[in-house]
Amino acid sequence: ITVKDIADFVGIDRTYLYKLFKKSKNQSPTEFLGEYRLIKSVEMMENYDISIGEIALSTGFYDVSHYYRAFSAKYGKPPKVFRNQLYGKED
């Protein structure tokens, strides 16, 4: 899903969508979408049958290294470490 997809779906211009997001969420649609993807990735981590790479691609990141950078920037640690700490598992 892209910002253009969202704008097209609701039938408004991307610029107008941006203004609405900034006014109501105090962030751009791109920032909101990135944050949403990270939140969904954390939810998917509960299932250990799904690899970190699969989670990254399933949540819309274009590659695993981009996901690792975005995740580490938001949560302060790489996804694998976060997952293990969150669910009390060891490597």
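Draft legend 1. Region of the structure containing helix 5 (residues 64-75). With 12 residues, helix 5 ought to run about 16 Å at 1.5 Å a step, and its terminal C-alpha atoms sit 16 Å apart, in line with that. Gly-76 sits one or two residues past helix 5 and shows a positive phi near 80 degrees.

Draft legend 2. Fine view of the environment of Asp-5. Secondary-structure assignment places Asp-5 in helix 1 (residues 3-10). Between the alpha carbons of Asp-5 and His-66 there is a distance of 21 Å; along the sequence they are 61 residues apart.

Draft legend 3. Summary view of the environment of Ser-28. Tracing the backbone through its elements, the reader meets Ser-28 in the loop between helix 2 (14-25) and helix 3 (29-44). Taking the C-alpha atoms as reference points, Ser-28 and Ser-58, 30 residues apart in sequence, are found 22 Å from one another. The residues touching Ser-28, leaving out its near neighbours within four places in the chain, are Tyr-18, Phe-21 and Lys-22.

Draft legend 4. Just the pattern of salt bridges, in detail. Per the counting criterion, the structure on display carries two salt bridges. Lys-4 serves as the salt-bridge partner of Asp-8, at 2.8 Å between the closest nitrogen and oxygen. Pair noted here: Asp-8 and Lys-4 are both in helix 1, with a separation of four residues, about one helical turn. With a relative accessible area of 46%, Lys-4 lands in the partly exposed category. A salt bridge links Glu-43 to Lys-40; its shortest N-O distance comes to 3.0 Å. Of this pair, Glu-43 and Lys-40 both sit in helix 3, separated by three residues, roughly a single helical turn. Owing to a relative accessible area of 46%, Glu-43 belongs among the partly exposed residues under this scheme. You can call Lys-40 partly exposed: its relative accessible area is 29%.

Draft legend 5. Representation of the side chain of Arg-83 within the structure. Tracing the sequence through the fold places Arg-83 in helix 6 (residues 79-86). Here Arg-83 sits buried without a salt bridge, and the closest side chain of opposite charge, Glu-54, lies 7.5 Å off (N-O distance). A distance of 2.7 Å separates the side chain of Arg-83 from the backbone oxygen of Ile-50, its partner in a polar contact. Not counting chain neighbours up to four residues away, the residues in contact with Arg-83 comprise Met-44, Met-45, Asn-47, Tyr-48, Ile-50, Ile-52 and Ile-55.

Draft legend 6. Up close: a nonpolar patch on the surface. A grouping of Tyr-48, Leu-86 and Tyr-87 is seen on the molecular surface, where their side chains present a nonpolar patch of about 250 Å² in accessible area. As for its position among the elements, Leu-86 is in helix 6.

What counts, and where the lines are drawn
- Residues numbered from 1 in each chain as written.
- Predicted model: local features only at pLDDT ≥ 70, side-chain atom pairs only at ≥ 80, totals over all residues.
- Heavy atoms only, no water.
- Helix = DSSP H or I, 4+ residues; strand = E, 2+ residues; numbered from the N terminus.
- Expected span 1.5 Å × (residues − 1).
- Contact = heavy atoms within 4.5 Å.
- Salt bridge = Lys/Arg side-chain N within 4 Å of Asp/Glu carboxyl O.
- Buried < 20%, exposed > 50% of the residue type's maximum accessible area, 1.4 Å probe, protein only.
- Lys, Arg positive; Asp, Glu negative; His and termini not counted.
- Polar contact = N/O pair within 3.5 Å; in protein donor to acceptor, adjacent residues only side chain to side chain.
- Patch = residues over 30% accessible without salt bridge, like charges linked within 9 Å, V, L, I, M, F, W, Y side chains within 5 Å.
- Areas by Shrake-Rupley, 256 points an atom, 1.4 Å probe, with all protein chains shown as cover.

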